[in-house]
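In case you want the letters, here they are:
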Amino acid sequence: MVVASARANIALVKYWGKRAKALNLPAAGSLSLTLADLKTQTEVRLRSEGEDTLLLDGKLASHKATARVSQFLDLVRSISNSSARADVISENAFPTGAGLASSASAFAALAKAATTAYGLKLSDRELSVLARQGSGSAARSIFGGLVRMYAGQQADGQDAYAEPVLGAQIELSAAVAVVDKGEKLVGSTEGMEHTRLTSPYHQAWLHQVDKDLVTCTQALKSGDFDELALVVEGSCLAMHADAMAARPGVIYFCGATLWAMEQVRKLRKEGVPICFTVDAGPHLVAFTPPDYVQSVATRLQGHPDITRVITSEAGEGAKIELSSSP
Ligand code: PMV
């Protein structure tokens, strides 16, 4: 039995659009921060026969979720030349399905636990390539702190991996304003594919990502927060503009998201080093140095649709918590 943990990450420069769907290959790179408190812990036990099972936060998972995990385990089985089935028990230390990047921590933890359980010894880069096939953003959660993902060019995806960004002069924490919207969202895979196929802005978006990656890395390394805020908010808004320009348009923001954006910009005017981003959901993530994060959280709590604000420091990469023979 093997237990591994991984933490979700939030992108500063966004990933939106695949170059190949089957292998989950991104059309452009991205850059993210792994968050300590958005943690998933996953246990994998092998069995000689039967079906794979998935227990998610104490409940038997849906057929769809189990099939996705089973498909991922097929990859691990093919590399390890094993036919063993697995019982997977996964717990999230944050609300699942709330659009809080749970697939990133889930597939990073599963990649780490399953490869170890099946007797494989993969490098972090190989794990990143594998995790990417579960969820594009999971490739980044193999690593801690600031992480850069490469789109790569190879058809087999071996060059589409993530690695840590070293030498940043800015330390970031995050405040995640959880917006209660109560509506079914367009999932990221579906949303980005629909955008790729129908948005007239998509090529312009992809073109901008490469420039944003350079600017963001420079801003982090030179400690220029104003430049960082410009590129992080720019990447977020351009990604959403691309999605909104699809036919029909995909809108993830709601009233509380826009309200929270306004609060972040007001705080910045007041002298707080802060910037926002939003993933494929209504929640807003504010990035700010650790000293400011609590007061930022208090400010973001002031909207009726924001049910809670989760604060977190940067976190570590995927790791083994426990490993024992069955
Ligand atoms: O890897 P996925 O399918 O969870 O896609 C992630 C997409 C965004 O969260 C919107 C952006 C990103 O880079 O994380």
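All of the points below concern the structure found in this document. Computed from a prediction, not measured in an experiment: that's the story for all the values here. Along every chain, residues carry numbers that run from 1 in the direction the sequence is written. Given that the model is predicted, a residue must reach a pLDDT of at least 70 before its local features are reported, and side-chain atom pairs must reach 80 or more before they are shown or counted; all residues, however, enter totals for whole chains, interfaces and linings. Think of the side-chain values as coming from all heavy atoms in the structure, minus any hydrogens and water.

### Quick word on the pattern of salt bridges
When the charged atoms of two side chains with opposite charge come close together, those side chains can pair.
Stage number 1. Here a salt bridge means any side-chain nitrogen of Lys or Arg lying within 4 Å of a carboxyl oxygen belonging to Asp or Glu. For the coordinates displayed, the defined rule picks out 16 salt bridges.
Stage number 2. Between E316 and R7 there is a salt bridge, with its nearest N and O atoms 3.7 Å apart. You can see E316 sitting in the loop between β13 (306-312) and β14 (319-323) and its partner R7 sitting in strand β1 (residues 2-13), a full 309 residues away along the chain.
Stage number 3. Relative accessible area decides the class of each residue, using a 1.4 Å probe on protein chains only: under 20% of the type maximum gives buried, over 50% gives exposed, and in between gives partly exposed. Classification of E316 as partly exposed rests on a relative accessible area of 40%.
Stage number 4. Between E163 and R125 there is a salt bridge whose closest N-O contact spans 3.4 Å. Taken together, the residues span a long stretch of sequence, with E163 in strand β9 (residues 162-164) and R125 in helix α3 (residues 124-132) at a distance of 38 residues.
Stage number 5. E163 sits in the partly exposed class, given a relative accessible area of 25%.
Stage number 6. The class of R125 is partly exposed, set by a relative accessible area of 41%.
Stage number 7. Residues joined in a network through salt bridges with shared partners are R7, K39, E316, K319 and E321. Runs of E in the DSSP output that reach at least two residues are strands. Runs of H or I that reach at least four are helices, and both are numbered from the N terminus.

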